[in-house]
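Residues per chain are reported as follows:
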Amino acid sequence: GQNIDQPTEMTATEGAIVQINCTYQTSGFNGLFWYQQHAGEAPTFLSYNVLDGLEEKGRFSSFLSRSKGYSYLLLKELQMKDSASYLCAANTGGFKTIFGAGTRLFVKA
Amino acid sequence: DAGVIQSPRHEVTEMGQEVTLRCKPISGHNSLFWYRQTMMRGLELLIYFNNNVPIDDSGMPEDRFSAKMPNASFSTLKIQPSEPRDSAVYFCASSLAIRGGADTQYFGPGTRLTVL
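What counts as what
Chains are numbered independently. Their residues run from 1 in the order of the written sequence. Written order determines the labels here, with chains lettered from A and ligands numbered from 1. For this predicted model, a pLDDT threshold of at least 70 governs which residues receive local features, and a threshold of 80 or more governs which side-chain atom pairs are given and counted, while totals over whole chains, interfaces and linings are taken from all residues. Hydrogens are left out, water is left out, and the side-chain values use all remaining heavy atoms of the structure. To qualify as a helix, a DSSP run of H or I must reach at least 4 residues; to qualify as a strand, a run of E must reach at least 2; elements of each kind are numbered from the N terminus. Throughout, exposure labels follow a simple rule: accessible area from a 1.4 Å probe, protein chains only, divided by the maximum for the residue type, with under 20% read as buried, over 50% as exposed, and the rest as partly exposed. Whether two residues are in contact is decided by their heavy atoms, any of which lying within 4.5 Å being enough. Areas reported here follow the Shrake-Rupley algorithm with a probe of radius 1.4 Å; residue values treat only the protein chains shown as occluding. Put simply, the radius of gyration uses C-alpha atoms, and a globule should come to 2.2 Å times the residue count raised to 0.38. Using a 1 Å grid laid over the protein atoms alone, points where a 1.4 Å probe fits but cannot get out form a cavity; open sets with protein on both sides within 12 Å along at least 5 of 7 lines form a pocket; any residue with an atom within 4 Å of a point counts as lining. Grid points are joined across faces, edges and corners, and a volume is the space filled by probe spheres set on the points. Residues were grouped as follows: Ala, Val, Leu, Ile, Met, Phe, Trp, Tyr, Cys and Pro as nonpolar; Asp, Glu, Lys and Arg as charged; and all remaining residues, including Gly, as polar. By buried area we mean how much accessible surface two parts lose on assembly, using a 1.4 Å probe and totalling the loss over both. Salt bridge, as used here: a side-chain nitrogen of Lys or Arg that lies within 4 Å of a carboxyl oxygen of Asp or Glu. At least two DSSP bridges between two strands are needed for those strands to be called paired. Axes here mean lines fitted to C-alpha atoms, for a helix over just the part in contact, with angles spanning 0 to 180 degrees between N-to-C directions.

A. Broad picture of the overall build of chain B. Helix and strand content of chain B: zero helices and eleven strands. When its helices and strands are written in sequence order, chain B yields β-β-β-β-β-β-β-β-β-β-β. In terms of overall dimensions, chain B has a C-alpha envelope of 40 × 30 × 30 Å along the principal axes. Out of the 116 residues in chain B, the part that is buried amounts to 49%. Residue pairs in contact within chain B that sit at least 24 positions apart in sequence constitute 55% of those at least 6 positions apart. Roughly 5,700 Å² of accessible area belongs to chain B as shown, and the carbon and sulfur atoms make up 51% of that amount.

Here it is in structure tokens:
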């Protein structure tokens, strides 16, 4: 079967660091995406990992371990505008990408 | 540059009526995806096309749902007849297939469908 697990909600303080974890079990795997979705808006691309390791892009970093079926998204220097849902998505081969239910992040002052 | 365009943005209809959602992908993109998002089920892939050809429609919930892509710049998702449980936000996304399908998808603003 295909399954992606991530926490439902997280709360963090402005200026802090937060790590959002994602585990996946898929019949095939060809890369892991993270998307950000603000309430009432469309998902927007944040990162893509296909090899093990950490990819850094400004305040956001994403990590992948293929052997463990595990990824995380790290957000540094949190800002209020980072309050959103973060969707973990696995490409299972070809054009098929499966999305997790998303983690709602609340950033408080 | 214009992103993915969807219309209408909001649709309210009565049970039993036909609903047609429209999507214009980003120019030059060769893959198009239809998703449905609800609080209960999250973001579900319904169907995707590559070079205007449907590749996998296993996510289409029932025969009431159908999708077409007559050309590279237009796709429709039709629900006939509609039911209250079809109420959701329907997203269209497009991508340029470079990584064998594991490509960044660009989402349209979505159509919020309410079936009464």
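B. View of the overall build of chain A. Each helix and strand in chain A was counted, giving zero helices and eleven strands. Order of helices (α) and strands (β) in chain A, N terminus to C terminus: β-β-β-β-β-β-β-β-β-β-β. Relative to a compact globule of 109 residues, whose C-alpha radius of gyration would be 13 Å, chain A shows 13 Å and is just as compact. Its C-alpha atoms give chain A principal-axis dimensions of roughly 40 × 30 × 20 Å. By the burial criterion, 49% of the 109 residues in chain A qualify as buried. Look at the contacts in chain A between residues 6 or more apart in sequence, and 55% of them connect residues 24 or more apart. With an accessible surface of roughly 5,200 Å², chain A has 50% of that area assigned to carbon and sulfur atoms.

C. Highlighting the layout of surface pockets. Size it by volume and the largest pocket reaches roughly 780 Å³. Residue lining of the largest pocket: 32 residues in total, with Gln37, Gly40 and Ser85 of chain A together with Gln37 and Met39 of chain B positioned closest to the centre. Elements that contribute at least two residues to the lining of the largest pocket include exactly β9 (84–91) and β11 (103–108) of chain A together with β4 (31–38), β9 (88–95) and β11 (111–115) of chain B. Counting residues per element, the lining of the largest pocket draws most heavily on β11 of chain A, at four residues. The residue makeup of the lining of the largest pocket, split by class, is twelve nonpolar, 15 polar and five charged.

D. Highlighting the interface of chain B and chain A. Each partner contributes residues to the interface: chain B has 22 residues there, and chain A has 16 residues. Summing the contributions of chain B and of chain A, the shared interface buries around 1,600 Å²; its carbon and sulfur component is 60%. Three residues, Leu43, Ala102 and Phe107 of chain B, lead the burial of chain B against chain A; their summed loss comes to 26% of the area buried on that side. Linking chain B with chain A are one salt bridge. As a salt-bridge pair, Lys96 of chain A and Asp56 of chain B come within 3.4 Å of each other at their nearest N and O atoms.

E. How the structure looks around the sheet that holds strand β8 (residues 74–79) of chain B. All names here are of chain B. Taken together, four strands build an open sheet; the order of strands is β1-β3-β8-β7 and the sheet is antiparallel. Lying at the two open borders of the sheet, with one neighbouring strand each, are β1 (5–7) and β7 (65–71). Neighbour-to-neighbour, the strand axes of the sheet open up by a mean angle of 15°, direction not taken into account. The pairing of strand β3 (residues 19–24) with β8 spans five bridges and is classified as antiparallel. When the sheet's bridge partners are listed, Arg22 is paired in β8 with Thr76.

F. Structural detail: the sheet that holds strand β8 (residues 70–75) of chain A. Residue and element names in this part refer to chain A. Pairing within the open sheet is antiparallel, and its five strands lie in the order β1-β3-β8-β7-β6. The sheet is open, and its two edges are formed by β1 (3–5) and β6 (53–57), each paired on a single side. With direction set aside, neighbouring strand axes in the sheet form an average angle of 15°. In the sheet, strand β7 (residues 60–65) pairs with β8 via six bridges, with the strands oriented antiparallel. Among the inter-strand pairings, Ser61 is bridged to a residue of β8, identified as Leu74.

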